[in-house]
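# A look at the structure
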Protein chains: 2
Amino acid sequence: MQDIRIKELFRNTNEYADKEITVRGWIRTNRGSNKFGFVELNDGSFFKSLQVVYEADKIDNFQEISKAPIASALKVRGTLVLTPEAKQPFELKAEEVEIEAGSDSDYPLQKKRHSLEYLREIAHLRPRSNTFSAVFRVRSLVAYAIHKFFQENGFVYVHTPIITGSDAEGAGEMFRVTTLDPANPPMADGQVDYSQDFFGKETNLTVSGQLEAEIFAMAFRDVYTFGPTFRAENSNTARHASEFWMIEPEMAFCDLEGNMQTAEAMIKYIIRYVMENAPEEMEFFNNFIDKGLIDRLTNIVESDFVRITYTEAVELLKKADKEFDYPVEWGIDLQTEHERYITEEVFKKPVFVTDYPKDIKAFYMRLNEDGKTVAACDLLVPGIGEIIGGSQREERLDVLKARMDEMGLEEKDYWWYLELRKYGGVKHSGYGLGFERMIMYVTGMSNIRDVLPFPRTPKTAEF
Amino acid sequence: MQDIRIKELFRNTNEYADKEITVRGWIRTNRGSNKFGFVELNDGSFFKSLQVVYEADKIDNFQEISKAPIASALKVRGTLVLTPEAKQPFELKAEEVEIEAGSDSDYPLQKKRHSLEYLREIAHLRPRSNTFSAVFRVRSLVAYAIHKFFQENGFVYVHTPIITGSDAEGAGEMFRVTTLDPANPPMADGQVDYSQDFFGKETNLTVSGQLEAEIFAMAFRDVYTFGPTFRAENSNTARHASEFWMIEPEMAFCDLEGNMQTAEAMIKYIIRYVMENAPEEMEFFNNFIDKGLIDRLTNIVESDFVRITYTEAVELLKKADKEFDYPVEWGIDLQTEHERYITEEVFKKPVFVTDYPKDIKAFYMRLNEDGKTVAACDLLVPGIGEIIGGSQREERLDVLKARMDEMGLEEKDYWWYLELRKYGGVKHSGYGLGFERMIMYVTGMSNIRDVLPFPRTPKTAEF
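The rules behind each value
- Residues numbered from 1 in each chain as written.
- Chains lettered and ligands numbered in written order.
- Predicted model: local features only at pLDDT ≥ 70, side-chain atom pairs only at ≥ 80, totals over all residues.
- Heavy atoms only, no water.
- UniProt positions renumbered as here; feature names shortened; annotations may be inferred.
- Helix = DSSP H or I, 4+ residues; strand = E, 2+ residues; numbered from the N terminus.
- Buried < 20%, exposed > 50% of the residue type's maximum accessible area, 1.4 Å probe, protein only.
- Contact = heavy atoms within 4.5 Å.
- Areas by Shrake-Rupley, 256 points an atom, 1.4 Å probe, with all protein chains shown as cover.
- Lys, Arg positive; Asp, Glu negative; His and termini not counted.
- Charge placed at Lys NZ, Arg CZ, Asp CG, Glu CD.
- Pairing = 2+ DSSP bridges.
- Least-squares fit on C-alpha atoms with pLDDT ≥ 70 in both.
- Buried area = accessible area lost by both parts, 1.4 Å probe.
- Salt bridge = Lys/Arg side-chain N within 4 Å of Asp/Glu carboxyl O.
- Nonpolar A, V, L, I, M, F, W, Y, C, P; charged D, E, K, R; others polar.
- Core = buried A, V, L, I, M, F, W, Y, C linked by side-chain atoms within 4.5 Å.
- Phe/Tyr/Trp six-rings, centres within 6.5 Å; stacked < 30°, edge-to-face > 60°.

In the annotation of an unreviewed UniProt entry, the entry for chain A reads Asparagine--tRNA ligase, and the organism field reads Gallibacter intestinalis. Annotation of chain A in UniProt includes, under Sequence similarities (unreviewed entry), the sentence "Belongs to the class-II aminoacyl-tRNA synthetase family."

Glancing now at the overall build of chain A. On a plain count of helices and strands, chain A comes out with 14 helices and 18 strands. With the principal axes as the frame, chain A shows a C-alpha extent of 85 × 60 × 45 Å. With 463 residues in all, chain A has 62% of them scored as buried. Counted over contacts in chain A with a minimum sequence separation of 6, partners at least 24 positions apart contribute 67%. Carbon and sulfur atoms make up 45% of the accessible area of chain A, which totals about 18,100 Å². Mean positive and mean negative side-chain charge positions of chain A (56 and 77 charges, respectively) differ by 4 Å.

Here we take up the sheet that holds strand β11 (residues 203-205) of chain B. Whether parallel or antiparallel, the strands of a sheet pair through hydrogen bonds between backbone atoms. Pairing is antiparallel in the open sheet, where 6 strands are placed in the order β7(A)-β11(A)-β8(A)-β8(B)-β11(B)-β7(B). Both outer strands of the open sheet, β7 (163-164) of chain A together with β7 (163-164) of chain B, are each paired with one neighbouring strand and no more. In this structure, strand β8 (residues 176-178) of chain A lies alongside strand β8 (residues 176-178) of chain B, joined through 3 bridges in antiparallel fashion. Each bridged residue has a counterpart across the sheet, and for A:V177 the counterpart in β8(B) is B:V177.

Once that is clear, we can look at the relation of the copies chain B and chain A. At an RMSD of 0.0 Å, chain B and chain A line up after a rotation of 180° and a shift of 0.0 Å along the axis. Taken together, the rotation angle and the small translation identify this as a two-fold axis. Proximity to the rotation axis, assessed at the C-alpha, singles out B:V177 in chain B; its C-alpha lies 2.5 Å from the axis. A share of 100% of the interface residues of chain B reappears at the interface of chain A, consistent with the copies meeting face to face through the same patch.

Each partner contributes residues to the interface: chain B has 116 residues there, and chain A has 116 residues. Taken together, both faces of the contact between chain B and chain A bury some 9,100 Å²; the carbon and sulfur share is 63%. Three residues, B:H159, B:F198 and B:Y423, lead the burial of chain B against chain A; their summed loss comes to 9% of the area buried on that side. Run the count over chain B and chain A and you get 10 salt bridges. Note that A:D3 is salt-bridged to B:R221, the shortest N-O span being 2.8 Å. Counting residues per element, the side of chain B that touches chain A draws most heavily on helix α5 (residues 130-152) of chain B, at 13 residues. A per-class count over the side of chain B that touches chain A returns 58 nonpolar, 29 polar and 29 charged.

Moving on, we come to the nonpolar core. Grouped together as the largest cluster of nonpolar side chains are 260 residues, with contacts concentrated most on A:I267, A:L433, A:M438, B:I267, B:L433 and B:M438. Look past the residues within four positions of A:M438 in its chain and what remains in contact with it is A:V142, A:I267, A:I270, A:I271, A:I387 and A:L433.

For the rest of this paragraph, the subject is the pairing of strand β18 (residues 428-434) of chain A. Residue and element names in this part refer to chain A. Here β18 lies mainly inside the structure; 7 of its 7 residues are buried. Of the two faces of β18, the one holding H428, G430, G432 and G434 and the one holding S429, Y431 and L433 are both buried throughout. Strand direction decides the pairing type here: strand β17 (residues 385-392) and β18, joined by 5 bridges, are antiparallel. Each residue of the ladder has a partner; that of G389, found in β18, is G432.

Attention now moves to the packing of aromatic side chains. Inspection of the entire model under this criterion finds 71 aromatic pairs over all chains. Judged by centre distance (5.0 Å) and plane angle (80°), the ring pair of A:F149 and A:F150 falls under edge-to-face. Assigned by exposure class, A:F149 and A:F150 land together as buried. Between the aromatic rings of A:F363 and A:Y417, the centroid separation amounts to 6.0 Å while the plane-to-plane angle is 70°, which identifies the pairing as edge-to-face. Here A:F363 is found in the loop between β15 (351-357) and β16 (373-381), whereas its partner A:Y417 is found in helix α13 (residues 415-422), with 54 residues between them in sequence. Taken as a pair, A:F363 and A:Y417 share a single burial class, namely buried. Through a chain of ring-to-ring contacts, three or more aromatic side chains come together here, namely A:F132, A:F136, A:F454, A:F463, B:F216, B:F220, B:F363, B:Y364, B:Y414, B:W415, B:W416 and B:Y417.

Our focus in this paragraph is helix α6 (residues 210-220) of chain A. All names here are of chain A. The buried fraction of α6 is high, at 11 of 11 residues. Inspection of α6 places Q210, L211, E212, A213, E214, I215, F216, A217, M218, A219 and F220 among the buried residues, and these make up the whole buried set. Where α6 terminates, the next one or two residues include R221, which has phi positive at roughly 70°.

With that out of the way, let us pick up the pairing of strand β5 (residues 90-101) of chain A. Residue and element names in this part refer to chain A. Judged from the 3 bridges that link them, strand β3 (residues 50-55) and β5 form a sheet pairing that is parallel. Paired with Q51 across the strands is E91, a residue of β5. As paired strands, strand β4 (residues 73-82) and β5 are joined by 10 bridges and run antiparallel to one another. Within the sheet, the bridge partner assigned to A73 lies in β5 and is A101.

Here you go:
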């Protein structure tokens, strides 16, 4: 008999009531007397477990089953019985129980609660815990919601390169990718001779796919990337990882306002999708990880995001009845404390801050009429701070060249990026969403290490 | 007025007939007389272009528009007129035309045909050509079809790590990832001291996410990866790239037959999805890239895939009325010529070859009863050869340890992989699909460099 996923039993209960079915799964708990026993069986298809009742009178191997340790895998044939008066909505009355795989009794995930720090050390087992079962199922749903949102809106998904030979990204410290003999690299003129390396030049792991995404926007109009990006920064914070995933939409014929509209629609779409498709997980997060999470997310879906300029934000911060660690004046880069004050205390909802001073932003952002600010837009959200950074891109070849010159960037390193402006280089905009920040936002988890399946951080690359 | 995507005009023509609309896009061709002109306008939303007719009597800037070079971007307001008697189904009669961005006349993509080799050198412009517009739109659709297939079947998407500190993958030559000073690496005992490297140990780019996917299958039952993988192999063939994307589903409680059923259903789902959602692109490939493509794909969707054992395959090859470059005997690894003979000449459809000799397969594949073969399954398809490699995994701890010992692998390097077998390590299976091979298969493109947006191959990492 084909076995049935436990999710299916929870979602379409009436179809299976009083019917004989077969399920497979792993034991989460196993308790009972010498006459009958209860197993919480989880098959990974669903956050909740199925209660299995087995009786000494009914099955031959009652002794064996009652001793089966946590994490053992069972195949159970039985009848699904509705139990409207009990805590769980139904249970499976076993007629036959078979152990498909045993488990050692030193299984580390016993019923007691474990710290998140401890669970990180057993990343090969933590997806079986309630918290991580919920986190990684939601992670999968958020990833799919993002694809769904963009595909349904006609965006083309582009895989920008992971290994880059371009010096042009400049968004942070990079990891070098090489096959040269590490102890004896070939040298020329006192320098490592990268012409002998695998790609014939020095290569690194990408920090952003934006510049290549712009290539595709000039061909397909609306495109997005979704891939891993890397930062070789030695920062051990709860919000930074060395390897993380980013989504970078890029839209031709689109100005800053259009950019913000897409970002706002995307954020709301993701939240709605997760609340509809993972209500059990969201309830769990709301109860055990971050009380108030569901209210906060509902509020975000229903409210219009605020839009203020950087200059207005600085005014608000200066007027604030609050001491900041970093003093505020026009021209500074906003710190997390400033961002959170604006989004959490002033507006209590997501806020786009636009038109930042050009000197604190990247060369490719479009210079505003005032000559001092650029058409950037960062989205700040309560509980996180910045979750999206975006801008309208500088499409005017002469202005772009002047800015590159100002910043000491060499034209020859950007030859193809400049050519995009020569041949039908229309106005265009885009933004980057840090995927893990979005997962933290949606789940309430406060450490990026707990939303990455196998986090990479300074001195850590286990599993 | 909100502009309308050209795809929308082609898909819902009747809604726009005789209405005034605004479109934006890039000029593909521009020709005419001194009274009127025709522009093929492409906005990237659709494979086909919109014919725009502009007349000297109607628009003020007729001279300017008639001189606008290819690749210039226009905004056009006009009325959509059905033209059932003409080659194109409708045209836009312009009332107002505005140049949004000009283009230099040295634009390399003029109307004449260019070689695929030349187009690779201008990877920043080739997505605007017919061929690559079709290839990369189909690439995006195939990616989405894969997510859709797995998500609709309850699989959890897992991001396995890109940077790996594990020596356990062993599927090929790896790229080293490092931040050490390349000219003066720290040394200890005559060796590079990786304890001083960013992650405190030697790290490489992943060649497969399978082992980590197994972790997730033991928690979520049905999971899949979809991410970049890397091979530092110096092989300059039309089928190999140094950076490519892979899909690796992994299913608990699943044997080899279940594995093949999923693979077959997935392949058919992808093909159906692309044929339904990109009929214009598929017609283009069928006419200009690979005649017979649509028939071949239709045949695959409608036929049952063959299943034969390796031993049967060897018999077929020995009986073949054909000289092979590599002689056939039981125990050899099948070469592409053998694979293509079986799938193209013997069966003329996709063939799963199962139960390979253990000595030519990986340590994690489940040993069969005969002690000589393992429960592997490779899928061979006409025109490509191997497109999927999979297996049931060895879930028996003692058998796994014995095989590792036989192959000289150290248990300590696989501690967590072995622990999966200690705690509810049920039977499970999975496979890997090379994403680019699938794109080649669906489009008929014969070089992997032409299905990757920015290919990385030995000595090449441009853009």
